[in-house]
Amino acid sequence: MNDFDSGRPVVLRGGTVLPMDGRRVLPRTDVLVTGDRIAAVGQDLQAPQDAIEIDASDGIVMPGMIDTHRHMWQSAMRGYGADWTLTQYFVWFYLEHGKLFRPEDVHAGNTLAAIEALDAGVTTVVDWSHGLQTVDHADAAADALQSVPGRYVLAYGNIQAPPAEWTATPEFRDFVARRVTGDDLLGFQLAFDVLGDPSFPEKPAFEVARELGLPVTTHAGVWGATSDDGIKLMHEHGFMTPETVYVHAASLSADSYHRIAATGGSISVSTESEQSAGQGYPPTWAVRAHGIPVSLSMDTSVWWSGDLFSAMRTTLGADRSREHLEAHARGETVTHCGLRADEVVTWATRGGARALGRDDLGAVEPGKKADLVLIKNDASPVSFPLLNPFGHVAFQAQRGDVHTVLVDGRVVKHEHRLVGVDLAAARRQVERTVEHLRSEMGDEAWEKGMNPDIPATKILDNPYTYTDYRSDSTHRL
């Protein structure tokens, strides 16, 4: 047993603390953790004699980041779909090869995703687990999450069957009875989409969610898949609640945004995904105008990075790009950015806590859960000077700068190394999954799936041709 397994108090000394109660910054501040809670925040704190001291000077102490939408089961296919659009994604996972995933493959993906989240300072992840073809798959997903020392929410879904069908089975009810135990480190949601059929076939699934007291998370506003019709159906039948999380919401009308705002829901923005896959333009520019709470997510490692530093950076870029583009179309110039760095850091922390109904997460305050991240890298020239801490987190920091991570008061990463995690075992699991999938698909299908056809392009005709420039007495080379 190492010192971090002993249950001793932990004090982070002398860091720049971001309490996440606005733009406030606390320089040279200590954070004391006892049990699973933050006991005190202040300068020169008195700590118990047996406390473990961690030097946070020249570093940033902030709440653990919260990802509200990650298809963790797909992480074993990391990078495979780098050149996909949503079309390739839907065909590969929904129609063809997603059916090849066994329970052990879901376990492998979830284990790897959970580990990589902790490594990047993401202490809570919603596992948008829509690959649960059977309850055995669901048990494997939950087992994997409980094997890694982070905080997770299993959003139960099954893309191979209608939600009204799989939520009505005795096996699903039995799973809920067995696994939804109130474990503080493993919460639950239901994950399914509303396709806009006027008969509202998803209604029975919403009724099950209401009966079981489980929040619903749904992909909304995905171009060509889920639209305003689905939002209208949910609203008219009374299934839009403050607990509902709308993922992407990138191609919705103002009317849908008004309905979400009026019913208190929140939107999980996956900017890297929306930029690349085609759900619609990342919607923070519209969502902010409607006063809808925002959280951030990374979607899937089949394409994108499994951290929220990239999410914050790309979200700022996309929002500001839209602001400039629209101003230029009016012949105007943006002189002050509307979206600020501290806001996206808030979305990555407190915004996620709000989306999950966890007011005990997402802040560095006495009494809150001790889910904390220390960003510090003395070996990096990018670690100094530390002038604007929020800007530093959003634009400068990355996974390698995550020095220490605590979840529920337990140190799970220290001095840039994971604690109590068997990465070699996770690698072996993933290797077996990749071998299984490649064998089942065959080499030709494997290569074709990874390398979709490249559309034909035409280079525009150029009216100008190069002419030799000759100097004369006036213009010399």
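In what follows, the structure referred to is the one given above.
Right, let's walk through the structure included here. (Residues numbered from 1 in each chain as written. Predicted model: local features only at pLDDT ≥ 70, side-chain atom pairs only at ≥ 80, totals over all residues. Heavy atoms only, no water.)

1. Points about unusual backbone geometry
Thought 1: The omega torsion across Phe 384 and Pro 385 is -5°, close enough to zero to call that bond cis.
Thought 2: Unusually for a residue other than glycine, His 248 sits at a positive phi of about 75°.
Thought 3: By the element assignment, His 248 lies in strand 11 (residues 245–248). (Helix = DSSP H or I, 4+ residues; strand = E, 2+ residues; numbered from the N terminus.)

2. Let's talk about the nonpolar core
Thought 1: Residues Tyr 152, Tyr 156, Ile 267, Met 312 and Val 393 are the most contacted members of the largest nonpolar core, which totals 99 residues.
Thought 2: Here this core takes six residues from helix 2 (residues 103–119), the largest share from any one element.
Thought 3: Sequence-distant contacts of Met 312, defined by excluding residues within four places in its chain, comprise Met 65, Leu 296, Val 344, Val 345, Ala 348, Val 393 and Ala 394. (Core = buried A, V, L, I, M, F, W, Y, C linked by side-chain atoms within 4.5 Å. Buried < 20%, exposed > 50% of the residue type's maximum accessible area, 1.4 Å probe, protein only. Contact = heavy atoms within 4.5 Å.)

3. With respect to the layout of surface pockets
Thought 1: Estimated volume of the largest pocket: approximately 500 Å³.
Thought 2: Along the walls of the largest pocket sit 29 residues, with Tyr 94, Ile 159, Asp 193, Leu 195 and His 219 positioned nearest its centre.
Thought 3: Contributing elements (two or more residues each) for the lining of the largest pocket: helix 1 (86–96) and helix 4 (163–166).
Thought 4: When residues of the lining of the largest pocket are assigned to their parent elements, the largest contribution, four residues, is made by helix 1.
Thought 5: Here the residues of the lining of the largest pocket are counted per class, giving 16 nonpolar, 10 polar and three charged.
Thought 6: Taken as a whole, the second largest pocket encloses approximately 320 Å³ of empty space.
Thought 7: Of all the elements in the fold, those that place two or more residues in the lining of the second largest pocket are strand 8 (151–156), strand 9 (186–191) and helix 12 (341–355). (1 Å grid on protein atoms, 1.4 Å probe; cavity = no way out; pocket = protein on both sides within 12 Å on 5 of 7 lines; lining within 4 Å. Points joined across faces, edges and corners; volume = space filled by probe spheres on them. Nonpolar A, V, L, I, M, F, W, Y, C, P; charged D, E, K, R; others polar.)

4. Remarks on empty space enclosed by the protein
Regions of empty space are outlined by a rolling probe, equal in size to a water molecule, passed over the atoms.
Thought 1: Under the definition given, this model contains two cavities of 30 Å³ or more.
Thought 2: Here the largest cavity defines a volume of roughly 100 Å³.
Thought 3: Lining of the largest cavity is provided by 14 residues; of these, Ile 375, Lys 376, Asn 377, Ser 383 and His 392 occupy positions nearest its centre.
Thought 4: Looking at the lining of the largest cavity residue by residue, the classes come out as five nonpolar, six polar and three charged.
Thought 5: Counted as a void, the second largest cavity has a volume near 40 Å³.
Thought 6: Lining of the second largest cavity is provided by Val 194, Thr 218, His 219, Ala 220, Thr 226, Ser 227, Gly 230, Ile 231 and Met 234.
Thought 7: Those elements that place two or more of their residues in the lining of the second largest cavity are strand 10 (216–220) and helix 7 (228–236).

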